[in-house]
Amino acid sequence: MAEIKVRERWGSRIGVILAVAGSAVGLGNFLRFPGNAAQNGGGAFMLPYFISLLVLGIPMCWAEWTMGRYAGVRGFNSAPAIYTVIWRNRISKYFGSLAVLIPLVIYMYYVLIEAWCLGYAINYLTGSLMLGSDASKYSAFFANFVGIESDGALLAEGNRTWLLVLIGVFVCNFILIYRGVNKGIETFCKVAMPIMIVLGLIVLLRVLTLGTPDPTKPDQSVIGGLGFMWNPHPEKLWDFQTWLAASGQIFFSLSVGFGIIVNYASYLSEKDDLALSGLTSCSMNEFFEVCLGGLITLPAAFIFLGVAASGFTGSTFALGFQALPNVFAMMPAGQFFGFLWFFMLFVAAITSSVSMLQPVIAFLEEGFALKRHASAAVLGVLSAMGCLFVLYFSKNLVALDMMDFWVGSVALFMLAMIQSFLYAWMFGIKRGDEELHRGAHIRIPWVVQLMLKFVVPVYLAAIFIGFCYQKLPSFDKPEFETSARHAASLSDGLLSESLAAEFAKRELILPEEPAVLRERGGAADESWRIVDASENLLYRIVPGPDGLVIKSRQPGYVESISRSRVATLTVLFISVLFGFVLVLVHIAGRRWQAEGRFENIPA
Ligand code: PFF
């Protein structure tokens, strides 16, 4: 019989709520949400957003709390074991490997962005980020800071100082994890969450009292900024992309579907409330997201940058790291507020990143009976390797982007579907409802369970299929039509100057030496492709009704893997890691079986 460990526990109810909220409130709230909302219909985004919150987010959150506590009081904390308790089947534990892989991989790049935040905060303190009103200086600072120009740039001599910040941040995370859920995570979140609220409110107050800083531009006021973010564009509601973005945002923001809440909830006792605690942590997250994230980031950028601010909404991080420093430079006492803002982002990020480590630690301890220092050491080596990988392959942030897509989006949807299946169809909604209400301070209507059984899986599957359909395959986007006379200038070889000029007129980017190749075969004979030096397809030229139609190639995620060596390597890295986790789960499963760990658990 294995030695029975003293169960780890949360110290107080408010402690666990703050820890779960700490996991939820992070960079997603302040950086990802505003960009997402502004790009997908402004105020109109809030309709699919709130529907996703009510139909997917909160119900799935309750389901995770329920499964986690149910297995926790039976002595299990790691997702592979928890899923086995929920569904007594040999394959359940392998589903759990996703719930170990996802937080682990997300940690590898999230901790890097966390270190950027602290790095920026320090640069505000020292004044190095007060670069005046030239916007390009901030983009250059960011590019240099994160090594966008070339792979390995951050490890090059003269560029290494901020690596110390990264190491410091890494170590902080591990100290918190090493101290355990109660003394580490809970104690820290109880201090960090109030600090975040205070810092957030100070910055909010500053933004909302900016008035119209430049009288020559009366539109660029607080009201104008709020309108820029929130004016509804209802036509966007018919676009599938809006629904996709809204539901993805809900999952990412609430930390639902990552295997984190099941782990956190497993440290509760049978008498603890789930229903109200789950709802409270979701509500806290929404306060940070809609009230602070939604009112600070974009409105502030608009007040100073005007519609140019919209140029930054394309990338999740650009908005925070490139647009806002412009804003602080122009704002009275900007250096102080810049520091507060980035320090708050750092605090928000660290309460999230520790939550990514805890499920993995729990698995290493439970699966291999490792002591805390041994499990922390193994996890330290694993996550440092991944972090170095992202750090080294910094060019255009390809490695980071690939991990975020394949793990933070694709694998996440898969795990969310698996969890909804395990809860509603294997554990059963009747049992789930009873379990959720044991010790509950509020009653949750039965219809929520029905939704979990019938609506959530369909909603998730529909979104997942739509997501794959939109993001995975490549497609050709018609750009412009030009006169048929250009057809005569087309031949295998270089692009004619007159046609290149047509591209330049429309600000379409061509590589330095674009080559033209004729499509081969049948009706395609009159079609051409423009390729770059590595023969990647960039544009197609096809005959149209009134001349030539130029279409740009929009590579989907599948094609982008084969286009870039780093992207291929990243996918390989994730696959090898996944294989490794599967093997670990397999070995752990055999140990549990040999120890008879599940024998007394009812099916
Ligand atoms: N919910 C966090 C945020 O909004 O930034 C992000 C996050 C936390 C993602 C924990 C994944 C995770 F495991």
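Relevant structure appears above.
So, how was this worked out
- The numbering scheme is per chain: residues are counted from 1 as the chain's sequence reads.
- Restriction of local features to residues with pLDDT of at least 70 applies here, the model being predicted, together with a cutoff of 80 or more for giving and counting side-chain atom pairs; totals for whole chains, interfaces and linings are based on all residues.
- The side-chain values count all of the structure's non-hydrogen atoms but skip hydrogen atoms and water molecules.
- A run of DSSP states H or I qualifies as a helix once it reaches four residues; a run of E qualifies as a strand once it reaches two. Both are numbered from the N-terminal end.
- With the radius of gyration taken over C-alpha atoms, the globule rule is written as 2.2 Å times the number of residues to the power 0.38.
- Working definition: with a 1.4 Å probe on protein chains only, accessible area under 20% of the residue-type maximum means buried, over 50% means exposed, and in between means partly exposed.
- For the area figures, the Shrake-Rupley method with a 1.4 Å probe applies, and any residue is considered shielded solely by the protein chains shown.
- Only four residue types enter the charge count: Lys and Arg as positive, Asp and Glu as negative, with His and the chain ends excluded.
- A charged residue contributes its charge at one atom only: NZ of Lys, CZ of Arg, CG of Asp or CD of Glu.
- Nearness is judged by heavy atoms alone; a residue qualifies as near a molecule or strand once a single heavy atom is within 4 Å of it.
- Contacts described as polar in this section are N or O atom pairs within 3.5 Å, which, within protein, must combine one atom able to donate a hydrogen with one able to accept it, while residues neighboring in sequence count only if both atoms come from side chains.
- Residue type decides the class: Asp, Glu, Lys and Arg count as charged, Ala, Val, Leu, Ile, Met, Phe, Trp, Tyr, Cys and Pro as nonpolar, and the leftover types, Gly among them, as polar.
- Two strands pair if DSSP finds at least two bridges between them.
- Residues with no salt bridge and a relative accessible area higher than 30% make up the patches, which join like charges within 9 Å and nonpolar side chains (Val, Leu, Ile, Met, Phe, Trp, Tyr) within 5 Å.
- Salt bridge, as used here: a side-chain nitrogen of Lys or Arg that lies within 4 Å of a carboxyl oxygen of Asp or Glu.

(A) Seen up close, the overall build of the protein chain. Across its full length, the protein chain holds 19 helices and 6 strands. Relative to the compact-globule value of 25 Å for 603 residues, the protein chain shows a C-alpha radius of gyration of 26 Å, a close match. Judged by the C-alpha coordinates and their principal axes, the protein chain covers about 80 × 65 × 55 Å. For the protein chain, the proportion of its 603 residues judged to be buried stands at 57%. Roughly 24,200 Å² of accessible area belongs to the protein chain as shown, and the carbon and sulfur atoms make up 64% of that amount. Computed over 43 positive and 43 negative side-chain charges, the inter-centroid distance for the protein chain is 10 Å.

(B) Region of interest: the site of the ligand. Near the ligand, the surroundings consist of 15 residues, among which A24, G28, Y110, F252 and I260 are the closest. At a separation of 3.1 Å, a nitrogen atom of the ligand approaches a polar side-chain atom of S255. Protein coverage of the free-state accessible area of the ligand, which is 340 Å², stands at 100%. Secondary structure elements with two or more residues in the shell around the ligand: α1 (13-24), α2 (27-39), α9 (240-254) and α13 (334-368). Of the residues in the shell around the ligand, the class split is 7 nonpolar, 8 polar and no charged.

(C) Molecular detail of the pairing of strand β6 (residues 547-554). Examined bridge by bridge, strand β1 (residues 475-482) and β6 share 7 bridges and lie antiparallel to one another. Each residue of the ladder has a partner; that of D476, found in β6, is R553. Of the pairings in the sheet, the one linking strand β5 (residues 537-544) to β6 comprises 6 bridges and is antiparallel in character. Paired with G544 across the two strands is G547, which belongs to β6.

(D) Main features of a nonpolar patch on the surface. On the surface, F421, W425, W446, V447, L450, F454 and V455 cluster together to form a nonpolar patch covering roughly 640 Å² of accessible area. Examining the composition of the nonpolar patch, we find that 4 residues originate from one element, helix α16 (residues 447-471), more than from any other. Its place among the elements puts W446 in the loop between α15 (398-437) and α16.

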